[in-house]
Every structure is written in structure tokens, then in C-alpha cells.
Amino acid sequence: TRLEPIEMPITDELDLHTFRPAEISDLLDDYLAECRRLDIPQVRIIHGKGSGTLAKRVRALLEKHPLVATWQSAPPEAGGWGATLAVLKPVESGESN
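Report follows, based on the coordinates.

Reading the values: rules and limits
- Residues numbered from 1 in each chain as written.
- Predicted model: local features only at pLDDT ≥ 70, side-chain atom pairs only at ≥ 80, totals over all residues.
- Heavy atoms only, no water.
- Core = buried A, V, L, I, M, F, W, Y, C linked by side-chain atoms within 4.5 Å.
- Buried < 20%, exposed > 50% of the residue type's maximum accessible area, 1.4 Å probe, protein only.
- Helix = DSSP H or I, 4+ residues; strand = E, 2+ residues; numbered from the N terminus.
- Contact = heavy atoms within 4.5 Å.
- Phe/Tyr/Trp six-rings, centres within 6.5 Å; stacked < 30°, edge-to-face > 60°.
- Lys NZ or Arg CZ within 6 Å of the ring centre and 35° of its normal.
- Lys, Arg positive; Asp, Glu negative; His and termini not counted.
- Salt bridge = Lys/Arg side-chain N within 4 Å of Asp/Glu carboxyl O.

Another aspect to go through is the nonpolar core. With 18 residues, the main nonpolar core has Leu-16, Leu-28, Leu-32, Val-43, Ile-45, Val-58 and Leu-62 as its most contacted residues. For this core, the secondary structure elements donating two or more residues are helix H1 (24-37), strand S2 (42-46), helix H2 (53-64) and strand S4 (83-88). The element that contributes the greatest number of residues to this core is H1, accounting for six residues. Discounting residues that sit within four places of it in the chain, Val-58 has contacts with Leu-16, Ile-24, Leu-28, Ile-45 and His-47. Counting five residues, the second-largest nonpolar core is a separate cluster that includes Ile-46, Ala-74, Ala-78 and Leu-85.

With that settled, the discussion passes to the packing of aromatic side chains. A full pass over the atoms with the stated rule returns zero aromatic pairs. In this structure, Lys-49 is placed above the aromatic ring of Trp-81, and the distance from its NZ or CZ to the ring centre is 5.3 Å.

Structurally, the position occupied by Arg-59 is in helix H2. No salt bridge forms around the buried Arg-59; measuring N to O, its nearest opposite-charge neighbour Glu-63 is 9.0 Å away. Contacts of Arg-59, omitting those with residues within four sequence positions, involve His-47, Trp-71, Ser-73, Trp-81, Ala-83 and Thr-84.

Unlike most non-glycine residues, Asp-39 shows phi in positive territory, near 65°. Its location among the elements puts Asp-39 in the loop between H1 and S2. Overall, the relative accessible area of 64% leaves Asp-39 in the exposed class.

Here the structure, examined in full by the defined rule, presents three salt bridges. Glu-34 is the partner of Arg-37 in a salt bridge, and the nearest nitrogen-oxygen pair spans 2.5 Å. Taken as a pair, Arg-37 and Glu-34 lie in helix H1 at a separation of three residues, close to a single helical turn. For Arg-37, a relative accessible area of 43% gives the class partly exposed.

Here is the structure:
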């Protein structure tokens, strides 16, 4: 049985706690593309602290993602090592979103 996609408002924050690990790569791809389309320049991705496996996976994806300029651990007041901040590359003039 295939589930229908759930419509969610796009904000500058994505909490991965409700998603399965197998969904993370496609989810991040779609989320970052939509944030860029909506002109959201920086995002906070909440992956939790746990064992650190999800954080490593998220950061590996961000490291090679073509829309991401930089990323870093969130400051303590924004989740510390349980979240990652990513700055998206600006849209080049003449480039379509």
C-alpha cells in the first residue's frame, strides 16, 4: 500500500524525527530545493543527538549538495550538536528556481 504524500508548510526548520532513515536523502533534496525556491537563505535541520549516525548522514549529504554553500553545528541555543545549520547558495541571476 502506497501512502499519499503529506503536505507540510515549508519553513526554515526541518525536524527529521518523524521520518524514516531511508527517506532522509530524498527529503533533504526536496526540502533544500523548495527552500531555495522560496528564498529561504538558511535552514536548521534537527536530527537529534542520539548515536550521531543521523547527524553524520545529514552532514555528508549537505557537504556534497549543490545548493548548500556552508553548514555547521547549531549553536547551543538552537540545538547544539542535535541540529545542523545550512546556508544555501544564492540564486544566480538568470537562473530559474
